[in-house]
Amino acid sequence: MSMSLNLNDAEAARLLEAMTTIAAQASAAILAIAAPKTRTKADASPVTEADEAAEAVIVQGLRAISPSIAIVSEESATAETPAPTGPFFMVDPLDGTREFIAGRNEYTVNISLIVDGEPTLGVVTAPALGLAWRGRPGRAERLSLDGSNAAEIRVRSWPAAGAMALVSRSHLDPASVALLERLPGIAQTECGSAVKFCRVAEGAADLYPRLAPTREWDVAAGHAVLKAAGGCVVRPDGSRIPYGDAAGGFLIPSFVAVGDLAAAANLCAA
Ligand SMILES: Nc1ncnc2c1ncn2[C@@H]1O[C@H](COP(=O)(O)O)[C@@H](OP(=O)(O)O)[C@H]1O
Ligand SMILES: [Mg+2]
């Protein structure tokens, strides 16, 4: 059954607030696990008991607030997961598991709501940084994990000098390196997880190139935040990312996340 969802701004704000609370609860569940037991998944990537604890908190929380909206979540998605037919929540209970296991603080909880194939609402929390970022159409915010200190954020214009790219610490690939080599004078910093989208959204960086595979749950919430802040996440040719690709295993082969839309158009035309 297809279901339409036409949220006005007050309803969007209310739903995003509830998603923020759930992401904060999942963050607390992660922080409560001091020495996580770790195993390797079928795709050779790591998962910990913290990933699973956070997912349980999130799924239970989302079911309680919106029982009719489907949930696609990293640790429960399988090859048999059907393509969602209406709006759906896309969840990564712990993005940057490698960072988390290594004891670094750049890992996140990602929760987004996809409507008509577009990440429309999104919250990203960084438990170890005590921070959250969230976006809905027309407004993006950075706040403390406890919900205080919410402040509007906005992308910056591409600077004439001193543009900054963020790249994966654990998965930097040759194609992204080659793209950066074509941009003279751009500085680059390593950063784990969906924090990269949020740094671009708050105008601390300009570009996050990822010309290597990720999955929709790694991207959707950060995409919603960056879009709300005035930026974009697109395939390298400038086309949109088709969310809800169950048949393709929710794989996103490559993307670029950019703060300045004119710079994004130039980059994608090059
Ligand atoms: N070959 C691959 N295919 C699909 N996703 C990949 C991948 N290599 C890395 N990723 C994704 O990249 C995420 C980490 O991003 P980063 O390197 O920027 O921190 C991982 O998230 P998880 O930690 O949730 O598994 C993982 O899903
Ligand atoms: Mg994960």
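Preceding block: the structure.
Residues numbered from 1 in each chain as written. Chains lettered and ligands numbered in written order. Predicted model: local features only at pLDDT ≥ 70, side-chain atom pairs only at ≥ 80, totals over all residues. Heavy atoms only, no water.

**Some thoughts on the coordination of the magnesium ion (ligand 2)**
- Coordination sphere of the magnesium ion (ligand 2), protein contribution only: Glu-74 (OE), Asp-92 (OD) and Leu-94 (O), at 1.9 to 2.3 Å.
- Written as a sequence motif, the donor residues of the magnesium ion (ligand 2) are E-x17-D-x1-L. Of this pair, Glu-74 sits in the loop between strand S3 (70-73) and strand S4 (88-95) while Asp-92 sits in strand S4, and the two are 18 residues apart along the sequence. Comparing Glu-74 with Asp-92 shows no difference in burial state: the two are buried. (Donors = N, O, S within 2.8 Å, 3.2 Å for Na, K, Ca; no water. Helix = DSSP H or I, 4+ residues; strand = E, 2+ residues; numbered from the N terminus. Buried < 20%, exposed > 50% of the residue type's maximum accessible area, 1.4 Å probe, protein only.)

**Considerations on the environment of Arg-235**
- By the element assignment, Arg-235 lies in the loop between strand S14 (232-234) and strand S15 (251-252).
- For the pair Arg-235 and Val-256, spaced 21 residues apart in sequence, the C-alpha to C-alpha distance is 6.1 Å.
- With sequence-adjacent residues up to four places away left out, Arg-235 is seen in contact with Arg-240, Ile-241, Pro-242, Ser-254, Phe-255, Val-256 and Cys-268. (Contact = heavy atoms within 4.5 Å.)

**Observations concerning the site of ligand 1**
- Taken together, 17 residues are adjacent to ligand 1, and Gly-96, Ser-168, His-171, Lys-196 and Arg-210 come closest.
- Measuring from an oxygen atom of ligand 1, one finds a backbone N or O atom of Ser-193 at 2.8 Å.
- Side-chain polar atom of Arg-210 to an oxygen atom of ligand 1: 2.7 Å apart, as the coordinates give it.
- Look at ligand 1: alone it shows 560 Å² of surface, and the protein chains cover 81% of it.
- Residue assignment for the shell around ligand 1 shows that the elements contributing at least two residues are S4, strand S12 (207-210) and strand S13 (214-215).
- Ranked by the residues each element gives to the shell around ligand 1, the list is headed by S4, at three residues.
- Looking at the shell around ligand 1, you find at least three residues from each of domain 1 (9-152) and domain 2 (164-269). (Near = heavy atom within 4 Å. Polar contact = N/O pair within 3.5 Å; in protein donor to acceptor, adjacent residues only side chain to side chain. Areas by Shrake-Rupley, 256 points an atom, 1.4 Å probe, with all protein chains shown as cover. Domains from an automatic or database assignment.)

**Here we look at the pattern of salt bridges**
- Tallied over the entire structure, the rule returns 17 salt bridges.
- Here Arg-240 makes a salt bridge to Glu-118, at a shortest N to O gap of 3.1 Å. Taken together, the positions of Arg-240 in the loop between S14 and S15 and Glu-118 in strand S6 (residues 118-126) put the pair 122 residues apart, joining distant regions of the chain.
- On the accessibility criterion, Glu-118 (24% relative accessible area) is partly exposed.
- The partner of Arg-139 in a salt bridge is Glu-152, and the shortest N-O contact between them spans 3.2 Å. (Salt bridge = Lys/Arg side-chain N within 4 Å of Asp/Glu carboxyl O.)

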